[in-house]
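The primary structure of each chain is shown beneath.
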Amino acid sequence: FFFFFKQKTAYEIMPSLVGSEMCIRDRYMEEHLFVFDQVFDENVSNEQLYIESVQPLVEAAFTGIKVTCFAYGQTGSGKTFTMMGTQKEESFVPGMFLLAASDIFQKIRMNGWGLGIWVSFYEIYCGKLFDLLNGRKTLFAREDGKQNVWIVGLSEKTVTSVDELMSVIAFGMGVRTTGVTGANMDSSRSHAILQIAFKEPDGKVFSKLSFIDLAGSERGADTIDQNKQTRIDGAEINKSLLALKECIRALDQDKRHTPFRGSKLTLVLKDSFTGNCKTLMIANVSPTQSCCEHTLNTLRYADRVKELKRGHSAHNPGDELANALMLARQNCKRRTQH
């Protein structure tokens, strides 16, 4: 699916200060083309979004593939709503967490698999890791001799039902760092990472499903009227998001070195971009005209993520749809350059 973002030529007719002459001023003309796998309008429900985009990845997790799902966008665009939904009884809306959990336990019961489900939930705030299931205890990311990343001290809880999983998630969300910004009264100021590990009876990890609710991206101009801590938060958020994009660019260009150590976010998600894995990014945009620049920035960022194709041909040689979409995207770039 293609996403077109157009700003057509506009002419403004202004009366001259002298006589009856008319001044015709050419404002601007911009045209942007982005290529994504799916595009949804503002009327789509979380259930529709899940069925179309996330459910195939949940099924892939049962084949031993590491799956990662990001929610990205400006602050206030609905990322947390997409991931968490709403838990109020009068307006209950399931999010990606709940919908995925329902499918996971249903598949385990139907197929009789002896897999245990273990959950960990932590946040990255100002370059530091905090365990949301253990009183926001400070965590540390370490690399072993094989360059595998381990989070020291991270607590894991075993769950056996959807209700148990959602109670664990609700507990973690209750202590997540939030703050007031110029765009949102209850803005998430940290990257929240929920990991659902599928473990075999001997404790060996069979596969892993990660949901990342990224902190809201914002421009420096949007934090002028905020206090010092809010500005520091915004700088750290943008720094980690930039590091994430640089890692994706390095992988896309087959560079010898990928800067996973550029931020804590990219370091802990290293295995999400290497090896046998699948990655999905849900880009949330606001429909208001005042958020035009934010929308373009979000689409550009997600467009860059779409370029992450390294390793797909090795693990999925029959993925003709992905290859076709990538080819269309590259052709569009060639036409733009010429």
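All values derive from a computational prediction rather than experimental measurement.

Asker: I keep staring at the packing of aromatic side chains and nothing clicks. Help me out?
Answerer: Taken as a whole and judged by the stated rule, the model has five aromatic pairs. With centroids separated by 5.4 Å and ring planes inclined at 65 degrees, the aromatic side chains of Phe97 and Phe211 adopt a geometry described as edge-to-face. Pair noted here: Phe97 is in helix 3 (residues 96-111) and Phe211 is in strand 16 (residues 205-213), with a separation of 114 residues, a long-range link. Considered together, Phe97 and Phe211 belong to a single accessibility category, that of buried residues. One aromatic cluster is present, formed by Phe62, Trp113 and Phe198 through successive ring pairs. When the ring centre of Phe130 is taken as origin, the NZ or CZ atom of Arg136, which lies over that ring, is 4.3 Å away. Here the guanidinium or amino end of Lys199 rests over the ring plane of Trp118, the centre of that ring lying 4.9 Å away.

Asker: I'm lost on the environment of Glu47 in this one. Help?
Answerer: Along the chain, the position of Glu47 falls in helix 1 (residues 46-61). Residue Glu47 is classed as partly exposed on the basis of its relative accessible area, which comes to 34%. Put simply, Glu47 and Met96 are 49 residues apart on the chain and 8.1 Å apart in space, counted from C-alpha to C-alpha.

About the cut-offs
Residues numbered from 1 in each chain as written. Predicted model: local features only at pLDDT ≥ 70, side-chain atom pairs only at ≥ 80, totals over all residues. Heavy atoms only, no water. Phe/Tyr/Trp six-rings, centres within 6.5 Å; stacked < 30°, edge-to-face > 60°. Helix = DSSP H or I, 4+ residues; strand = E, 2+ residues; numbered from the N terminus. Buried < 20%, exposed > 50% of the residue type's maximum accessible area, 1.4 Å probe, protein only. Lys NZ or Arg CZ within 6 Å of the ring centre and 35° of its normal.

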